[in-house]
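Summary of structural features
Each chain is listed here by its residues.
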Amino acid sequence: MTTQQRNTYRIAIALLFCLVQAAGIGLYGQDRPRAAMKRVHQVSADSLAMADSIAAENKKKMLEMTASPKIDEPKAPTDSLSKDMKRKLWVPNPVRATWLALIIPGGGQIYNRKYWKLPIFYGGFAGCAYALAWNGKMYRDYFNAYRDVANGNLTSSNVTDLIPPSYLQHVSQSQLVETLRRRKDTYRRYRDLSIFAFIGVYLLSVVDAYVDAELSNFDITPDLSMRVEPAVIDTQTTTSHSSNKSVGLQCSFRF
C-alpha cells in the first residue's frame, strides 16, 4: 500500500470517527432537555408541596391564635338554677300583700321578702306600745289621786305615792286639785297620742306593703335619663308676626 492510500484511509477513518462523534453528540443533546424538564417538573412539584404544607401550617396556627379560649365553667346544679329563676321571676300580689299587712303587722313585708324593713316597723310598734303603757299607767295614778283629793281624802295611798307629805303641808287643797288635774290631763293626752302613733305605724306598714308589691315590676332601665344640649329656639311675637331665632339650652327627659 502506497503512502497516498494510507493517507486516504486515515482521512476516511477520521471522518468516520467525526461522524460517529457528531451523531453521539446529537443523540445526547436530544435526551438532555428531557432530563432537564424532568428535573424541573420534579423541583416544581416539590416546591408546590412544600408551599402547600407551609400554608396549611400557617392557617392552622392562625386558627389557633384567633379561636376563642375555652373556659371550663363549673356546672351548677339544676336545682339551684331553678330556684334562682323562680326567685327572679317571682312577683308579689299587691292585694295579698295588703291583706296580710292588715291581718298581721309586718306580714306584708314578709310576703314581699323585704325582711330588712321588719326591725323598723316592729321597733315602731314596740315604741308606741311602751309609750301607751307608760302614759296609761301615769294617767290612772294621777286620776285616782285627783279623785281622792277632790273628795277630801288627802291621806290615801294614791296621793302619798305621787306627792311627798312635805309638799302637802305647804299647799292648799284647791291648788293640789288643780295640779293633779293638769298632770292627769297631760298624761291622758300623751296616752291618746301614743294610740294615734301606733295606728299610724300600722297604717304605714300596710301602705308600704301595697306600694312595694305594686312597684315590684316597675321598669328601671338606663333609658331613664336627662340630657341638656344646645338648641335653636324660635321666638315669635304676636304683634309683628315675625320670628326671631335665638340660641339656648334645651333640657330633655327620657322615660
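Residues numbered from 1 in each chain as written. Predicted model: local features only at pLDDT ≥ 70, side-chain atom pairs only at ≥ 80, totals over all residues. Heavy atoms only, no water.

**Some thoughts on the nonpolar core**
Of all hydrophobic cores here, the largest spans 11 residues; its members are Met138, Tyr142, Ala145, Val149, Val159, Ile163, Leu168, Val171, Leu176, Val177 and Leu180. Elements with a contribution of two residues or more to this core: α5 (118–150) and α8 (173–214). For Val159, the contacting residues outside a window of four places in its chain are Ala145, Asp148, Val149, Asn153, Leu154 and Leu168. Core analysis: the next-biggest nonpolar cluster, separate from the first, contains six residues, Ala97, Ala101, Val206 and Ala213 among them. (Core = buried A, V, L, I, M, F, W, Y, C linked by side-chain atoms within 4.5 Å. Buried < 20%, exposed > 50% of the residue type's maximum accessible area, 1.4 Å probe, protein only. Helix = DSSP H or I, 4+ residues; strand = E, 2+ residues; numbered from the N terminus. Contact = heavy atoms within 4.5 Å.)

**Topic: a nonpolar patch on the surface**
On the surface, a nonpolar cluster with roughly 650 Å² of combined accessible area is contributed by Leu132, Tyr190, Leu193, Ile195, Phe196, Ile199 and Leu203. Looking at the nonpolar patch, the element that brings in the most residues is α8, giving six residues. The topology assignment puts Leu132 in helix α5. By relative accessible area, which is 31% here, Leu132 ends up partly exposed. (Patch = residues over 30% accessible without salt bridge, like charges linked within 9 Å, V, L, I, M, F, W, Y side chains within 5 Å. Areas by Shrake-Rupley, 256 points an atom, 1.4 Å probe, with all protein chains shown as cover. Salt bridge = Lys/Arg side-chain N within 4 Å of Asp/Glu carboxyl O.)

**Focus: the pattern of salt bridges**
The full count for this structure, using the stated rule, is 10 salt bridges. Note that Arg191 is salt-bridged to Asp192, the shortest N-O span being 3.4 Å. The exposure class of Arg191 is partly exposed, given its relative accessible area of 25%. In the salt-bridge network here, residues are joined through shared partners; they are Glu178, Arg181, Arg182, Lys184, Asp185 and Arg188.

**Things to note about the packing of α5 against α8**
The geometry of α5 relative to α8 is characterised by a closest axis approach of 8 Å and an angle of 160° between their N-to-C directions. What the angle tells us is that α5 and α8 run roughly antiparallel. Seen from above, α5 lies across α8 with left-handed handedness. Of the residues in the contact of α5 with α8, the class split is 26 nonpolar, six polar and six charged. (Axes fitted to C-alpha atoms, helices over the stretch in contact; angles between N-to-C directions. Parallel < 35°, antiparallel > 145°, perpendicular 65-115°, else oblique. Left-handed = near helix turned anticlockwise from the far one by under 90°. Nonpolar A, V, L, I, M, F, W, Y, C, P; charged D, E, K, R; others polar.)

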